[in-house]
Each structure stands twice: as C-alpha cells, then as structure tokens.
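Chain by chain, the residues run as shown.
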Amino acid sequence: MMSRMLMFLIPAAIVAIAAMALMPLCKRSVDKKSAKRRVIANLSVFFGAVVLFAATPVGSMIASAAEPAAAAAGLSVGSGLGLLAAALVTGLSCVGAGIAVAAAAPAAIGAVSEDPKSFGKSMIFVVLGEGVALYGLLISILIINKV
C-alpha cells in the first residue's frame, strides 16, 4: 500500500516543484532574451525531473510492475514501437495539416472577398491541406492493423 502511495506522491511532488520553480518566469512582457531563458528553464526543469524520477526507486518499481502486465497482454517491443509510430504519424500529419490550412485559409478568404467566383478554386487548396491529416490517419490505421 505504501509503495502505491509513493508511486503517486513522488511524481506529483516533482511536478509541483517544477511548477513552483517556473512561477517567477511567468511574466506578461516577453522579449527575445527572456523567452530564450524561459525555454531553457523549462527544458532543464523537465529533464531534471525526468532524471530525478528515473533515479528514484519508484521509477524502477513502475518499470518492473509494467513488464508482467505487458507480457500478460501479449505486447512486445515491436508492437509498442508500432503503436508509437501510429501515434507519431497521426500527430505529425495533423500538425502539418494545421500549418497548411493556417496558410491557405486566410488567402482563400481574401480571394473570395475580392472575387466571389473564386470560391471553388480557393476551397480546393484548403481541402488539400486537410487531406494531409486524413492520409496520416489512414496510414496510422494501416500500422495498427499490422500490429
């Protein structure tokens, strides 16, 4: 019972300490120098917390507790990497589609406001950007079917 409580409390304490360490950095005005310092502080606190968690006995307890559960579920390293690949395909394709739509949609709105007859042409470019996300979803479904 105590080990389960430790498995919850230690990561929660690490997250709380990291959040409290970053509180002074939350200011309204952002210039280039302070933004760079914030990013470096965020990354150092995050990776420090990861290393600290991995060094504690709780991190090894969680890892050792997950191995029998994964073996009982019939999961292997290959299937885990396949699921990770499917998640990455979906996520990255959606990010790419978001970038494409963010560039194409305002241009399409501007073109339609100048000439209403250009609606069909401009919507094709917006839909092509969204198609990237659908292709990523299709590939991730195919990967999951193979796993």
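A word on the overall build of the protein chain. A count of helices and strands for the protein chain gives five helices and zero strands. Ordering the α and β elements of the protein chain from the N terminus gives α-α-α-α-α. Across the 147 residues in the protein chain, those meeting the buried criterion constitute 17%. Of the contacts made within the protein chain by residues no fewer than 6 positions apart, 67% connect residues no fewer than 24 positions apart. For the protein chain, the computed accessible surface area is about 10900 Å², with 77% contributed by carbon and sulfur atoms.

This part is about the confidence of the model for the protein chain. Scored by pLDDT, the protein chain comes out at a mean of 78, with 71% of its residues at no less than 70. Here helix H3 (residues 57-73) is the element of the protein chain with the lowest mean pLDDT, 61, and helix H5 (residues 119-146) is the one with the highest, 90.

Right, let's get into the packing of helix H4 (residues 77-114) against H5. Running from N to C, H4 and H5 cross one another at 175 degrees; their axes reach a closest spacing of 8 Å. In terms of their interaxial angle, H4 and H5 are classed as roughly antiparallel. Residue composition of the contact of H4 with H5, grouped by class: 21 nonpolar, seven polar and one charged.

On to the environment of Val-126. Here Val-126 is to be found in helix H5. Between the alpha carbons of Val-126 and Val-101 there is a distance of 5.7 Å; along the sequence they are 25 residues apart. Those residues in contact with Val-126 that lie beyond four places of it in its chain are Val-101, Ala-104, Ala-105 and Ala-108.

Turning next to the side chain of Ser-118. Its place among the elements puts Ser-118 in the loop between H4 and H5. Ser-118 sits in the buried class, given a relative accessible area of 15%. Within the structure, Ser-118 has its side chain in polar contact with the backbone oxygen of Ala-111 (distance 3.2 Å). Setting aside residues no more than four positions away along its own chain, Ser-118 makes contact with Ala-111 and Val-112.

By secondary structure assignment, the location of Val-132 is in helix H5. For Val-132, a relative accessible area of 37% corresponds to the partly exposed category. Distance from Val-132 to Gly-96, taken between C-alpha atoms, is 7.2 Å for residues 36 residues apart in sequence.

Our focus in this paragraph is H5. With 28 residues, H5 should reach 40 Å at 1.5 Å per residue; the first-to-last C-alpha distance of 41 Å fits that figure. Of all the positions in H5, only Ser-122, Val-126, Gly-129, Gly-131, Ala-133, Gly-136 and Ser-140 are classed as buried.

Mapped onto the fold, Ser-93 is located in helix H4. Judged by relative accessible area, Ser-93 falls into the buried class, the value being 9%. A polar contact of 2.9 Å, which involves the side chain of Ser-93, links it to the backbone oxygen of Val-89. When sequence neighbours within four positions are dropped, the list of residues in contact with Ser-93 reads Leu-88, Val-132, Ala-133, Gly-136 and Leu-137.

Reading the values: the criteria
- Residues numbered from 1 in each chain as written.
- Predicted model: local features only at pLDDT ≥ 70, side-chain atom pairs only at ≥ 80, totals over all residues.
- Heavy atoms only, no water.
- Helix = DSSP H or I, 4+ residues; strand = E, 2+ residues; numbered from the N terminus.
- Buried < 20%, exposed > 50% of the residue type's maximum accessible area, 1.4 Å probe, protein only.
- Contact = heavy atoms within 4.5 Å.
- Areas by Shrake-Rupley, 256 points an atom, 1.4 Å probe, with all protein chains shown as cover.
- pLDDT = per-residue confidence, 0-100.
- Axes fitted to C-alpha atoms, helices over the stretch in contact; angles between N-to-C directions.
- Parallel < 35°, antiparallel > 145°, perpendicular 65-115°, else oblique.
- Nonpolar A, V, L, I, M, F, W, Y, C, P; charged D, E, K, R; others polar.
- Polar contact = N/O pair within 3.5 Å; in protein donor to acceptor, adjacent residues only side chain to side chain.
- Expected span 1.5 Å × (residues − 1).

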